[in-house]
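This is what each chain is made of:
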Amino acid sequence: MNTHEKFVITISREVGSGGRSIGRKLAEKLQVRFLDKQLIGELIRRFNLSAGEIERIKGKKTNWFSEFAAFVKAAPSQETLLGPSPAEYQVTTTEDIFRCEREILTAFAQEGSCVIAGRSAFFVLKDEPNKLDIFIHASREHRVERIMQKQGVSEAEAQQIIEKVDEGREHFVKRFARVSRYDLRNYDLVLNMDKLSEDQAVELILQYLQ
């Protein structure tokens, strides 16, 4: 990857691995935009949903028919059509979220060099000519400890967070990318955080870029 031209770095990560912080620090070092909260913020604005609701939709194990059935169930009957407008009964699907994420990511990547955290960017931006895909992971013990410290939760709660997020993200990626997010062939660089600090990980990435 040539950092003297417009580039994109995607950071895929396991929850609790520190990948988001690494992406932010890397962007600061490279003096480019770091895209994370901007993406979820735009999704919140477009769909009028909370961040939690968006993640729940992304992790749903449903197909197009079940989502269509949910829409039909939510829609008003002929007898009640004089009530709220039909738009209020729309059901946001995982396809809606994916299409919106793809549109936002593509627009950001075209604007200039950036580091992007998550959002299946490794796949969505697969045709970007000057791109580096990174995967950040860690042992279960490392992730549990970090989540307990960062979020102030118990060990049992941290375990539940990991299981829920891992399952939801894997399902979403498999559904649209048709690959597992754990398939290391998706990435150019993979870092295990068990024995690395965030700053050490950033330095390793910078060395790789050189």
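Residues numbered from 1 in each chain as written. Predicted model: local features only at pLDDT ≥ 70, side-chain atom pairs only at ≥ 80, totals over all residues. Heavy atoms only, no water.

**Section: the pattern of salt bridges**
Next up, step 1: Taken as a whole and assessed by the stated rule, the structure comprises 14 salt bridges.
Next up, step 2: Put simply, Lys29 and Glu203 hold a salt bridge, and the shortest N to O gap is 3.9 Å. Placement of the pair is Lys29 in helix H1 (residues 19–30) and Glu203 in helix H9 (residues 198–209), with a sequence separation of 174 residues.
Next up, step 3: By relative accessible area, which is 35% here, Glu203 ends up partly exposed. (Salt bridge = Lys/Arg side-chain N within 4 Å of Asp/Glu carboxyl O. Helix = DSSP H or I, 4+ residues; strand = E, 2+ residues; numbered from the N terminus. Buried < 20%, exposed > 50% of the residue type's maximum accessible area, 1.4 Å probe, protein only.)

**Some words on the packing of aromatic side chains**
Next up, step 1: Within this structure, the stated rule accounts for 4 aromatic pairs.
Next up, step 2: Ring centres 6.4 Å apart and planes at 90° place the aromatic pair Phe135 and Tyr182 in the edge-to-face group. Of this pair, Phe135 sits in strand S4 (residues 131–137) while Tyr182 sits in the loop between helix H8 (155–177) and strand S5 (189–192), placing them 47 residues apart in sequence.
Next up, step 3: Given the relative accessible area of 2%, Phe135 is considered buried.
Next up, step 4: Among the aromatic residues, those joined into a cluster by ring pairs are Phe122, Phe135, Tyr182 and Tyr187.
Next up, step 5: Over the ring of Phe123 we find Lys126, and its NZ or CZ is 4.6 Å from the ring centre. (Phe/Tyr/Trp six-rings, centres within 6.5 Å; stacked < 30°, edge-to-face > 60°. Lys NZ or Arg CZ within 6 Å of the ring centre and 35° of its normal.)

**Structural notes on the packing of helix H5 (residues 94–111) against H8**
Next up, step 1: Closest axis-to-axis distance for the H5/H8 pair is 12 Å, and the angle between their directions is 75°. Relative to H8, the element H5 is oriented roughly perpendicular. Residues Thr94, Glu95, Phe98 and Glu101 of H5 form the contact with H8, whose participating residues are Phe172, Arg175 and Phe176.
Next up, step 2: Of the residues belonging to the contact of H5 with H8, the class tally is 3 nonpolar, 1 polar and 3 charged. (Axes fitted to C-alpha atoms, helices over the stretch in contact; angles between N-to-C directions. Parallel < 35°, antiparallel > 145°, perpendicular 65-115°, else oblique. Contact = heavy atoms within 4.5 Å. Nonpolar A, V, L, I, M, F, W, Y, C, P; charged D, E, K, R; others polar.)

**Let's talk about helix H7 (residues 140–151)**
Helical geometry: 3.6 residues make up each α-helical turn, so side chains three or four residues apart lie on a common side.
Next up, step 1: Between the first and last C-alpha of H7 there are 16 Å, a value that for 12 residues agrees with the 16 Å anticipated at 1.5 Å per step.
Next up, step 2: For H7, the secondary structure elements touched by its buried residues are H1, H8 and H9.
Next up, step 3: Of the residues flanking the end of H7, it is Gly152, one or two places downstream, whose phi is positive at about 65°. (Expected span 1.5 Å × (residues − 1).)

**Focus: the pairing of S4**
Next up, step 1: Counting buried residues in S4 gives 6 out of 7 residues, a clear majority hidden from the surface.
Next up, step 2: Two elements, strand S1 (residues 8–13) and S4, share 6 bridges in a ladder whose sense is parallel. Among the inter-strand pairings, Ile9 is bridged to a residue of S4, identified as Leu132.
Next up, step 3: The pairing of S4 with S5 spans 4 bridges and is classified as parallel. (Pairing = 2+ DSSP bridges.)

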